[in-house]
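Summary of the model geometry
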Amino acid sequence: MSPALRRSLTFLLAAMAGMAGESLLLVRTQVGHFESLLRQDFRVLLFLKNDPPESQAKVLEDKLLGLPEVSEARFVSRDAALAALRREDPELVDSVTWVGDNPLRPAFEVRPAPAALGRFEAWLEDVRGVADWADLRYRPGEVRAILQAQLYGHFLSLVLSCLLCLACAALAAALWWGRWPAASRPAAAVLWAGLGAALGLGLALAAAWPARPYLPWWELPAAGPQLAAWAAAALAAGVFSPHS
């Protein structure tokens, strides 16, 4: 096989491996950021029957924060809830207050820690035991979406980690058996593998870039994982490309 053909095959293999690795990394990054946004937005509302005295509200807040896997607990009085609703939808506030006093109930907004979502029902039971709440509200669909995003994120992280480990194992095996790279052309093999991997990463980013304005959770992968994807793609191309 001619040197030019070997270089071309190494370049193409590296480009394909780089594009595949960067695509997985992009999806993993978007899933992780999407899950993070959902977790930051998710709250459990614990409604009280009446506005408690300030000292009692502080005691309840401390009890909630003292529970395991509670990231945040914030008391919202009737007046504060009505003021927030007025900022969001003044017409709705006018329609519900014209017949009388403020109909909203005071409540605590509680944000669970990420680990609590895996045992959400048990965590809710712990929260219910803090006080005699008038009502408890949350969005079940949001809990399912967070758990699904966590599952997809863990799976993609596992796949990327396995691919990186396999690339390193393939390089070790190639060095052990003396297949990578040939003594007479190490610089050329490394150069073409690196350029092909860089092109593959760039093509994956270029293909995904137009979707950025339409995804509020869009985020570029960090530099470290991208460098690891580039190195793994270059190693894989160098090991598996034909050397004779």
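Since the structure is predicted, the reported quantities are computational estimates derived from the model, not experimental observations. (Residues numbered from 1 in each chain as written. Predicted model: local features only at pLDDT ≥ 70, side-chain atom pairs only at ≥ 80, totals over all residues. Heavy atoms only, no water.)

**Quick word on the environment of Leu166**
Checked against the element boundaries, Leu166 lands in helix H6 (residues 140–176). When its relative accessible area of 57% is taken as the criterion, Leu166 is described as exposed. Separated by 70 residues in sequence, Leu166 and Ala236 have C-alpha atoms that sit 8.7 Å apart. (Helix = DSSP H or I, 4+ residues; strand = E, 2+ residues; numbered from the N terminus. Buried < 20%, exposed > 50% of the residue type's maximum accessible area, 1.4 Å probe, protein only.)

**Quick notes on the layout of surface pockets**
Rolled over the atoms, a probe sized like a water molecule indicates the empty space that remains. Each pocket or cavity is described by its volume, and for the largest pocket that value is around 630 Å³. For the lining of the largest pocket, the elements supplying multiple residues, two or more each, are strand E1 (44–47), strand E2 (70–76), helix H3 (78–88) and strand E3 (107–112). Of the residues forming the lining of the largest pocket, the biggest block, five residues, is contributed by H3. In terms of residue class, the lining of the largest pocket is made up of 12 nonpolar, no polar and nine charged. The computed volume of the second largest pocket comes to approximately 430 Å³. At the level of secondary structure, the elements contributing two or more residues to the lining of the second largest pocket comprise helix H1 (3–41), H6 and helix H8 (223–240). Among the residues making up the lining of the second largest pocket, the classes are represented as 17 nonpolar, three polar and one charged. (1 Å grid on protein atoms, 1.4 Å probe; cavity = no way out; pocket = protein on both sides within 12 Å on 5 of 7 lines; lining within 4 Å. Points joined across faces, edges and corners; volume = space filled by probe spheres on them. Nonpolar A, V, L, I, M, F, W, Y, C, P; charged D, E, K, R; others polar.)

**Focus on the environment of Glu54**
Among the secondary structure elements, Glu54 is positioned in helix H2 (residues 54–66). On the basis of relative accessibility, which here comes to 73%, the residue Glu54 falls in the exposed class. Linking Glu54 and Phe75, residues 21 residues apart in sequence, is a C-alpha distance of 9.9 Å.

**A short note on the pairing of E3**
Strand direction decides the pairing type here: E1 and E3, joined by four bridges, are antiparallel. Bridge assignment links Phe47 to a residue of E3, and that residue is Ala107. Where E2 meets E3, six bridges bridge the pair, whose relative direction is antiparallel. Its bridge partner lying in E3, Val70 is registered against Pro112. (Pairing = 2+ DSSP bridges.)

**A closer look at the state of the cysteines**
The bond known as a disulfide is covalent and runs between the sulfur atoms of two cysteines. Applying the stated criterion across every chain yields a total of zero disulfides. The thiol of Cys162 is unpaired, and the distance to the nearest cysteine sulfur, on Cys165, comes to 6.5 Å. Given the relative accessible area of 39%, Cys162 is considered partly exposed. (Disulfide = S-S within 2.5 Å.)

**Overview of a nonpolar patch on the surface**
On the surface, a cluster of nonpolar side chains totalling about 230 Å² of accessible area is made up of Met19, Leu199 and Leu203. In this structure Met19 comes out as partly exposed when scored by relative accessible area, which is 33%. (Patch = residues over 30% accessible without salt bridge, like charges linked within 9 Å, V, L, I, M, F, W, Y side chains within 5 Å. Areas by Shrake-Rupley, 256 points an atom, 1.4 Å probe, with all protein chains shown as cover. Salt bridge = Lys/Arg side-chain N within 4 Å of Asp/Glu carboxyl O.)

**Structural notes on the pattern of salt bridges**
What the rule picks out here adds up to 12 salt bridges. Between Asp62 and Lys58 there is a salt bridge; the shortest N-O distance is 3.7 Å. Of the two residues, Asp62 and Lys58 are both situated in helix H2; the distance of four residues between them amounts to about one turn of the helix. With relative accessibility at 44%, the residue Lys58 sits in the partly exposed group. Through salt bridges with shared partners, one network takes in Asp41, Arg139 and Glu142.

**Let's talk about the pairing of E1**
Relative to strand E4 (residues 135–137), E1 runs antiparallel, the two sharing three bridges. Across the sheet, Leu46 pairs through a bridge with Leu136, a residue of E4.

**What to know about the nonpolar core**
One recurring pattern in soluble globular proteins is that nonpolar side chains are buried together. Counting residues in each nonpolar core, the largest one holds 23 residues, and the members touching the most others are Val44, Leu46, Leu64, Phe108, Val110, Phe120 and Trp123. Listing elements by their share of this core, those giving two or more residues are E1, H2, E2, E3, helix H5 (120–128) and H6. It is H5 that contributes the most residues to this core, four residues altogether. Contacts of Phe108, omitting those with residues within four sequence positions, involve Val44, Leu45, Leu46, Leu48, Ala57, Leu60, Glu61, Leu64, Arg74, Phe75 and Trp133. Core analysis: the second largest hydrophobic core is formed by six residues, Ala193, Ala197, Ala233 and Ala237 among them. (Core = buried A, V, L, I, M, F, W, Y, C linked by side-chain atoms within 4.5 Å. Contact = heavy atoms within 4.5 Å.)

**Considering the sheet that holds E2**
Within a beta sheet, neighbouring strands are joined by backbone hydrogen bonds and run either parallel or antiparallel to one another. Read from one edge of the open sheet, four strands run E2-E3-E1-E4, paired in antiparallel fashion. The open sheet has two edge strands with one neighbour each: E2 and E4. On average, each strand axis in the sheet is tilted by 20° relative to the strand beside it, whichever way the strands run. Along the sheet, H2 contacts E1, E2 and E3; its crossing angle with E2, the most-contacted strand, is approximately 165°. Packing against the sheet, H5 makes contact with E1, E2, E3 and E4, and its axis sits at approximately 25° to E1. (Axes fitted to C-alpha atoms, helices over the stretch in contact; angles between N-to-C directions.)

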